[in-house]
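Below, each chain spelled out in residue letters.
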Amino acid sequence: MDAKELIARRVAREIMPGMLVNLGIGLPSMVATYVPASLGVFFQAENGVIGLGARPPEGMEDRHLTDAGGGFVSAVPGAASIDSAMSFGLIRGGHLDMTVLGGLQVDEAGHLANWKVPGKMVPGMGGAMDLVTGAARVIVAMQHAAKGQSKIVPKLTLPLTALRRVDLVVTDLAVIEPGEGGLILRERAPGVSLDEIRAATDAALVIPGEVPEMTLAD
Amino acid sequence: MDAKELIARRVAREIMPGMLVNLGIGLPSMVATYVPASLGVFFQAENGVIGLGARPPEGMEDRHLTDAGGGFVSAVPGAASIDSAMSFGLIRGGHLDMTVLGGLQVDEAGHLANWKVPGKMVPGMGGAMDLVTGAARVIVAMQHAAKGQSKIVPKLTLPLTALRRVDLVVTDLAVIEPGEGGLILRERAPGVSLDEIRAATDAALVIPGEVPEMTLAD
Amino acid sequence: MKGALRPEAAAALIPEGASLMIGGFMAVGSPERLIDAIVARGVGGLTVIANDTAMPGKGIGKLISAGLVARVVASHIGLNPETQARMISGEIECELVPQGTLIERIRAGGMGLGGVLTPTGLATEVEDGKQVIEVEGKRFLLETPLRADFALIGAWQADYVGNLNYMLTAHNFNPIIALAGRTVIAEPDSIVPVGVIPPDAVKTPGVLVDHLLIRAA
Amino acid sequence: MKGALRPEAAAALIPEGASLMIGGFMAVGSPERLIDAIVARGVGGLTVIANDTAMPGKGIGKLISAGLVARVVASHIGLNPETQARMISGEIECELVPQGTLIERIRAGGMGLGGVLTPTGLATEVEDGKQVIEVEGKRFLLETPLRADFALIGAWQADYVGNLNYMLTAHNFNPIIALAGRTVIAEPDSIVPVGVIPPDAVKTPGVLVDHLLIRAA
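Note that the coordinates shown come from a computational prediction; the quantities given were computed from them, not determined experimentally.

Brief notes about the overall build of chain C
Looking only at helices and strands, one finds 6 helices and 12 strands in chain C. Over its C-alpha trace chain C gives a radius of gyration of 17 Å, about what one expects of a compact globule, namely 17 Å for 217 residues. Within chain C, buried positions represent 63% of all 217 residues. Partitioning the contacts of chain C with sequence separation of at least 6, the portion at a separation of at least 24 is 71%. For chain C, the exposed surface amounts to about 6,900 Å²; the carbon and sulfur share of it is 53%. Between the centroid of the 17 positive side chains of chain C and the centroid of its 22 negative side chains there is a distance of 4 Å.

Here you go:
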């Protein structure tokens with residue numbers, strides 16, 4: 001199992017029956033693969049269908065039905081089309097139960113940077129600022145480090161996405177829960193030691209007496 | 001022809017092909033009777049259908065289709081259902097070409113009072129404040145006097161409906177156009193003299209050299 | 001969506017003093033069976049946020065006549081003399097709001113906005129006590145968001161996951177209050193299998209709806 | 001609704017330096033034939049207000065590649081390297097706006113609101129230069145309305161009076177920009193007789209639409 005699959009499987013376990021969930025493009029979109037249809041979860045993409053489904057059968061793709069990355073998708077029974085005002089009304093108004101986004105950095109205050117690298121990458125924030133501001137629960141799904149640099153940092157050095165503290169960070173090494181008192185280490189990836197996590201993390205971690213291994217979705 | 005029919009027929013002549021028009025309940029709603037279908041006008045009621053039509057045939061009334069007064073109506077071909085946010089978006093956003101409302105008073109500034117008589121009648125403003133604020137053209141259709149009192153007054157004594165100067169006032173005696181310089185007398189009702197209008201009007205009127213008789217819609 | 005309830009079970013969710021947004025325009029599009037059940041339960045001190053209070057014997061008018069309402073936020077009460085009388089006697093506190101402002105305040109509450117700026121009501125008594133904010137040289141009233149404990153919706157069709165649609169002038173406040181009630185109860189004319197309402201015909205996504213009323217007997 | 005135009009006649013309405021709101025999300029729901037006609041006409045100095053600038057060769061990306069765009073107001077330009085390059089070279093001025101804020105600013109412009117208050121962007125660089133307003137103890141950014149000379153819409157069906165509807169994820173910005181363009185031009189996949197789109201299925205009333213594009217050859 002590679003790092004991305006591990007993260008996606010762990011995030012999938014956060015999803016409860018009947019939730020409305022937004023998955024960002026890239027790694028977060030992999031989470032859907034590990035959520036059983038029996039949960040009755042509705043996936044939303046911010047471009048506008050509640051009830052996104054898997055890629056359609058070959059030859060049945062329709063240009064009116066894509067995800068936020070522009071890839072062809074299907075829709076599940078009970079889906080609903082919405083325009084962008086309604087889409088972000090659901091997001092900003094707290095009707096979205098959960099969003100899973102990628103991250104560039106999370107800091108000890110639980111703040112996320114995920115939309116801009118000054119002087120380098122200026123893609124625009126898209127829906128990220130609204131999602132982090134408004135979703136009932138914000139989960140960051142990202143690799144623990146990039147190019148040998150920890151992405152869990154004492155203080156953001158990249159531009160902030162939103163004032164709101166994210167609810168959970170899931171990486172290939174750990175599950176971290178930002179709280180009033182800092183970043184609490186909740187779980188270890190299978191076979192990863194506390195020392196390995198500490199060594200890979202620039203930020204200070206609050207480490208409880210017991211830090212169990214992650215349980216992953218099938 | 002009674003006073004109300006006269007007013008409705010004169011207002012009908014203000015309606016141009018293809019307009020979107022809101023008619024208030026009561027006297028203003030009579031205007032539709034005198035607008036030929038060939039004009040392609042769409043009537044809107046603020047409760048939510050663009051393309052209101054006449055009362056349906058006996059036994060075909062449906063409780064899901066009424067005007068703003070709760071009376072049964074029909075819908076013309078090409079009608080569109082809208083919710084209240086869209087309805088008032090059209091009104092406030094200037095997409096409504098014309099509104100015809102009743103009035104309690106209009107004053108020399110062209111201001112309308114039509115929603116409240118303190119200590120007596122407090123029905124609420126309903127859509128009146130939005131309609132007068134937002135419609136591209138506001139026409140007041142009312143009797144010139146009530147209980148022997150002129151409704152065209154120097155200065156409103158009843159609560160203001162909106163800051164916006166109304167565009168035209170049509171009464172059973174006259175057509176009056178409020179402007180920068182005051183209330184301009186544009187037309188006389190058939191057989192009514194300038195002196196009769198002056199005598200029935202508390203407000204000062206600007207009287208041009210020629211004040212023709214009204215032409216009425218069939 | 002949690003399932004379909006009998007009217008009396010839905011009414012039992014509503015406590016004394018709750019705030020209710022109720023769909024309908026002169027009772028067109030109002031959830032009549034749900035209102036009847038609330039009247040039967042007799043729970044009082046309610047705040048009603050709605051376009052109007054209909055007329056005696058219809059829609060919200062039944063709650064007014066039953067004496068269950070302590071506060072009304074509406075754009076128009078003129079066709080219900082009982083609301084007027086109870087307002088004058090002080091039994092009902094009444095906040096009158098321009099209709100376009102009322103629906104935007106509800107939408108703002110439901111969509112997580114802190115308010116909207118509208119020109120409607122400027123220089124009238126609606127301005128009293130409100131912030132006036134200038135944008136690009138024009139003055140606007142700041143109107144604040146409204147939410148409620150419950151949104152009570154009259155719909156045309158619902159499907160098994162709670163997707164709703166509406167017919168003709170029975171839309172009115174219904175699709176908007178569906179966003180602004182902490183608990184949303186919908187009374188549809190009919191309940192149809194998933195797929196009968198195509199995605200493009202859904203006006204209120206089922207994810208917003210907590211309970212449906214069971215079909216009428 | 002004034003009638004149906006050939007794409008070149010529609011493009012001819014658009015002058016140098018015009019502002020265009022264009023529907024579509026990564027070109028899904030964008031009016032491709034109309035965009036092609038604007039590229040063919042070659043009128044420059046355009047302001048484009050849209051969710052994104054698609055990618056080279058698709059939708060708004062074609063206007064970017066043709067060098068016709070002087071200014072972009074969008075939430076995301078990351079999938080079009082040409083927009084990025086032209087922004088960095090200074091050829092295109094770019095205002096990046098959070099997606100939910102962008103759509104509300106357009107809606108406010110179209111619906112006659114002076115602005116909306118949103119929590120999105122607080123304490124980020126989006127806050128720069130904006131009024132912060134406190135409502136009920138919470139802080140919000142005041143976001144101002146957007147309008148444009150033209151709204152260019154991709155629709156699914158239109159009828160003869162200009163009523164429009166949209167399919168699945170091709171709704172996106174289209175129904176909202178229809179309110180905020182001073183001239184509204186819609187490119188439907190098909191044009192059907194009045195009555196084929198029932199009143200409850202209309203998403204954009206024909207009274208908002210000035211011109212349709214004639215059907216594709």
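Section: the overall build of chain A
Each helix and strand counted, chain A has 4 helices and 15 strands in total. Viewed in the frame of its principal axes, chain A has a C-alpha envelope of about 50 × 40 × 30 Å. Within chain A, the fraction of its 218 residues that count as buried is 59%. Within chain A, contacts between residues at least 6 apart in sequence are counted, and of these 62% link residues at least 24 apart. Accessible surface for chain A amounts to roughly 8,500 Å². Of this, 53% is attributable to carbon and sulfur atoms. Taken together, the 18 basic and 24 acidic charged side chains of chain A have centroids lying 4 Å from each other.

Observations regarding the nonpolar core
In this structure, B:I15 and B:V31 are the most contacted members of the largest nonpolar core, which totals 77 residues. In terms of residue count, helix α1 (residues 3-12) of chain B provides more of this core than any other element does, 5 residues in total. Ignoring any residue separated from it by four or fewer positions in sequence, one finds B:V31 in contact with B:A8, B:V11, B:A12, B:I15, B:L23 and B:V100. A:V138, A:L173, A:V192 and A:I197 belong to the second-largest nonpolar core, a separate cluster that totals 72 residues.

Concerning the interface of chain C and chain B
When the parts of a complex come together, some accessible area is lost, and that lost area is often taken as the interface size. Each partner contributes to the interface: chain C provides 37 residues, whereas chain B provides 34 residues. Taking both sides of the interface into account, the surface hidden between chain C and chain B amounts to around 2,900 Å²; carbon and sulfur atoms contribute 63%. When the buried area of chain C at its contact with chain B is split by residue, C:E125, C:L168 and C:T169 rank highest and sum to 19% of it. Summed over the shared surface of chain C and chain B, the result is 2 salt bridges. For C:D189, the salt bridge identified is with B:R63, shortest N-O distance 3.1 Å. There are 15 residue pairs in polar contact (both at pLDDT 80 or more) connecting chain C and chain B.

Concerning the confidence of the model for chain C
On average, residues of chain C score 97 in pLDDT, and 100% of them reach the 70 mark or higher. Both scores are available for the predicted complex, with the pTM at 0.98 and the ipTM at 0.97.

Let's talk about the packing of helix α2 (residues 84-92) of chain B against helix α5 (residues 99-110) of chain C
Their axes nearest at 9 Å, the elements α2(B) and α5(C) cross at an angle of 130°. Relative to α5(C), the element α2(B) is oriented oblique. Remark: the crossing between α2(B) and α5(C) carries left-handed chirality. Between α2(B) and α5(C), the contacting residues are B:S84, B:A85, B:F88 and B:R92 on the first element and C:Q99, C:G100, C:T101, C:I103 and C:E104 on the second. Its residues assigned to classes, the contact of α2(B) with α5(C) comprises 3 nonpolar, 4 polar and 2 charged.

Structural notes on the sheet that holds strand β11 (residues 152-153) of chain B
Residues and elements named next belong to chain B. Pairing within the open sheet is mixed, and its 3 strands lie in the order β7-β6-β11. Because the sheet does not close on itself, it has two edges, and the strands there are β7 (112-113) and β11. Examined bridge by bridge, strand β6 (residues 105-107) and β7 share 2 bridges and lie antiparallel to one another. Paired with V106 across the two strands is L112, which belongs to β7.

Here we look at helix α4 (residues 81-88) of chain C
Residues and elements named next belong to chain C. Within the span of α4, buried status applies to T83, Q84, R86 and M87. For α4, the secondary structure elements touched by its buried residues are α3 (60-65) and β5 (93-96). If you check the start of α4, you find a side-chain oxygen 3.0 Å away from the backbone N of E82, and it comes from N80. Downstream of α4 by one or two residues, G90 has phi in the positive range, about 90°.

Some words on the pairing of strand β1 (residues 20-23) of chain B
Across a regular strand the side chains alternate sides, sitting on one face of the sheet and then on the other. Residues and elements named next belong to chain B. Of the two faces of β1, the one lined by L20 and N22 and the one lined by V21 and L23 are each fully buried. Pairing of β1 with strand β5 (residues 98-101), which is carried by 3 bridges, proceeds in the parallel orientation. Residue pairing in the sheet places L23 in a bridge with V100 of β5.

Re the interface of chain B and chain D
Listed as interface residues are 16 residues of chain B and, on the opposing side, 16 residues of chain D. At the surface where chain B touches chain D, the tally comes to 0 salt bridges. On the surface where chain B and chain D come into contact, there are 6 residue pairs in polar contact (both at pLDDT 80 or more). Sorting the residues of the side of chain B that touches chain D by element identifies β4 (74-81) and α2 of chain B as the ones contributing at least two each. Its residues assigned to classes, the side of chain B that touches chain D comprises 10 nonpolar, 5 polar and 1 charged.

Side note on unusual backbone geometry
Within the chain, C:E136 stands out as a residue other than glycine whose phi angle is a positive 45°. Within the element layout of this structure, C:E136 appears in the loop between β7 (132-135) and β8 (138-143).

What counts, and where the lines are drawn
- Residues numbered from 1 in each chain as written.
- Chains lettered and ligands numbered in written order.
- Predicted model: local features only at pLDDT ≥ 70, side-chain atom pairs only at ≥ 80, totals over all residues.
- Heavy atoms only, no water.
- Helix = DSSP H or I, 4+ residues; strand = E, 2+ residues; numbered from the N terminus.
- Rg over C-alpha atoms; globule rule 2.2 N^0.38 Å.
- Buried < 20%, exposed > 50% of the residue type's maximum accessible area, 1.4 Å probe, protein only.
- Contact = heavy atoms within 4.5 Å.
- Areas by Shrake-Rupley, 256 points an atom, 1.4 Å probe, with all protein chains shown as cover.
- Lys, Arg positive; Asp, Glu negative; His and termini not counted.
- Charge placed at Lys NZ, Arg CZ, Asp CG, Glu CD.
- Core = buried A, V, L, I, M, F, W, Y, C linked by side-chain atoms within 4.5 Å.
- Buried area = accessible area lost by both parts, 1.4 Å probe.
- Salt bridge = Lys/Arg side-chain N within 4 Å of Asp/Glu carboxyl O.
- Polar contact = N/O pair within 3.5 Å; in protein donor to acceptor, adjacent residues only side chain to side chain.
- pLDDT = per-residue confidence, 0-100.
- Axes fitted to C-alpha atoms, helices over the stretch in contact; angles between N-to-C directions.
- Parallel < 35°, antiparallel > 145°, perpendicular 65-115°, else oblique.
- Left-handed = near helix turned anticlockwise from the far one by under 90°.
- Nonpolar A, V, L, I, M, F, W, Y, C, P; charged D, E, K, R; others polar.
- Pairing = 2+ DSSP bridges.

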